[in-house]
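Listed here are the chains, written in short residue letters.
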Amino acid sequence: MSAALAANLARNTGYAVFPVREDKAPACPGGFKAAAKDADAIDELWNRFPAPLIGIATGEVSDLAVLDLDRKHPEAARWWRHNETRLPATRAYRTRSGGAHLYFRHRAGLRCSTGRPVPGVDVRCAGGYIIFWFAAGLECLDHSPRAEWPAWLAAEVVPPPPPPPDPRWRDGPPSPRAAAAIVEKVAGAAAGNRNAVLFWAACRLHDHGRQTGEVLAILTPAALAAGLSAGEARATIMSASRGQRRAV
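Rules used in this analysis
Residues numbered from 1 in each chain as written. Predicted model: local features only at pLDDT ≥ 70, side-chain atom pairs only at ≥ 80, totals over all residues. Heavy atoms only, no water. Buried < 20%, exposed > 50% of the residue type's maximum accessible area, 1.4 Å probe, protein only. Helix = DSSP H or I, 4+ residues; strand = E, 2+ residues; numbered from the N terminus. Arc of directions from axis to C-beta. Contact = heavy atoms within 4.5 Å. Core = buried A, V, L, I, M, F, W, Y, C linked by side-chain atoms within 4.5 Å. Pairing = 2+ DSSP bridges. Phe/Tyr/Trp six-rings, centres within 6.5 Å; stacked < 30°, edge-to-face > 60°. Lys NZ or Arg CZ within 6 Å of the ring centre and 35° of its normal.

### Details of helix H3 (residues 74-83)
- Every buried residue of H3 is listed here: Ala 76, Ala 77, Trp 79, Trp 80 and Asn 83. Buried residues of H3, seen end-on, are gathered within an arc of 160° and therefore sit on one face of the element. Facing away from the buried surface of H3 by more than 90 degrees, the exposed residues are Arg 81 and His 82.
- Contacts made by the buried residues of H3 are with strand S3 (65-69), strand S5 (100-104), strand S6 (121-124) and helix H4 (151-157).

### Some points on the environment of Ala 89
- By the element assignment, Ala 89 lies in the loop between H3 and strand S4 (92-94).
- Look at Ala 89 and you get exposed, because its relative accessible area is 53%.
- For the pair Ala 89 and Ala 7, spaced 82 residues apart in the sequence, the C-alpha separation amounts to 26 Å.
- Ignoring sequence-local partners within four residues, the contact set of Ala 89 consists of Asp 142, Ser 144, Pro 145 and Ala 147.

### Focus on unusual backbone geometry
- With an omega dihedral of 5°, the bond running from Arg 116 to Pro 117 counts as a cis peptide bond.
- As for its position among the elements, Pro 117 is in the loop between S5 and S6.
- Of note in the backbone geometry, Lys 24 takes a positive phi value of approximately 75° without being a glycine.
- The topology assignment puts Lys 24 in the loop between strand S1 (16-20) and helix H2 (39-48).
- Judged by relative accessible area, which is 42%, Lys 24 ranks as partly exposed.
- Phi angles above zero are rare outside glycine, and Asp 63 is one such case at about 50°.
- By secondary structure assignment, the location of Asp 63 is in the loop between strand S2 (53-57) and S3.

### Concerning the nonpolar core
- In terms of nonpolar packing, the biggest core is built from 30 residues, with Val 17, Ile 42, Trp 46, Ile 56 and Tyr 103 touching the most fellow members.
- Put simply, the parts of the chain that give this core at least two residues each are helix H1 (2-13), S1, H2, S2 and strand S7 (129-131).
- The element contributing the most residues to this core is H1, with five residues.
- Leaving out residues up to four positions away in the same chain, Ile 56 has contacts with Leu 9, Tyr 15, Ala 16, Val 17, Phe 18, Ser 62, Leu 64, Tyr 103, Gly 128, Tyr 129, Ile 130 and Phe 132.
- Leu 69, Val 118, Cys 125 and Trp 149 belong to the second largest nonpolar core, which has 21 residues in total.

### What about the pairing of S3?
- Most of S3 is tucked away: five of the five residues are buried.
- Alternating residues of S3 divide into Ala 65, Leu 67 and Leu 69 and Val 66 and Asp 68, and every residue in both groups is buried.
- As paired elements, S3 and S5 share five bridges and run antiparallel to each other. Its bridge partner lying in S5, Leu 69 is registered against Ala 100.
- Alignment of S3 against S6, held across four bridges, turns out to be antiparallel. When the bridges of S6 are listed, Asp 68 appears paired with Asp 122.

### As for the packing of aromatic side chains
- One pass over the structure, following the stated rule, counts nine aromatic pairs.
- Seen in terms of ring centroids, Tyr 93 and Phe 134 are 5.5 Å apart; in terms of plane orientation they differ by 40°. Their pairing is tilted. Linking Tyr 93 in strand S4 with Phe 134 in the loop between S7 and strand S8 (140-142), this pair joins segments that are 41 residues apart in sequence.
- Arranged with centres 5.1 Å apart and planes meeting at 65°, the rings of Phe 104 and Trp 149 form a pair that is edge-to-face. You can see Phe 104 sitting in strand S5 and its partner Trp 149 sitting in the loop between S8 and H4, a full 45 residues away along the chain.
- Assessed through its relative accessible area of 3%, Trp 149 is described here as buried.
- Every member of this aromatic cluster is reached through a ring pair, and the members are Tyr 15, Tyr 93, Tyr 103, Phe 132 and Phe 134.
- Here the basic side chain of Arg 86 rests over the ring of Trp 152, its NZ or CZ set 3.7 Å away from the ring centre.

In short, shape yes, function no, at least from these values alone.
See the structure below:
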């Protein structure tokens, strides 16, 4: 049944789809990178990797960017109350957690993010995916066509550019003192810039041969000291790790 629904969704919307397990993890190798629009390719995916949920690859491939609202977070609930009237009418669906997915057209330069501008508000676009909860029986909250991603919202969710690298770290691995300075910069990062500084720091450590586990161990305590949650810290460090692997 999911394969037929997935093929119908792809045909009617142009979304690239792939099978997802009940725990929201991709069922097929490659995950969203294996997403397909062709009916035969979709049938093959579900025949080889049967799963109950339909994943949609977000970003340019589907012309889709999604604002993921988890209103169990009080910060997200407040943000929604203050900004609901500023958002254009657009297609929206209830999620399994009780939140909402707001579907917009893809916007160039938009990146996946977690907890921006507040905890409980996430963005799924290029390099990410969402679950099509409507196919799992959850309600459509707004039947409007997808709107363009608002410029004001892009400014709120796109992280500021990371600080420029210290010239001392351009030639070879950082000294213990320089490595300590990286950690200190993360611990002292100000609200609104903490994720960007942590991302930059993780990239610097990866640049100098540190493995993901080491980077997590080195930077997580500093990120917690700066006020990030453990989940936010891990997500940002893992995002930096994935970016470094793609750049190789």
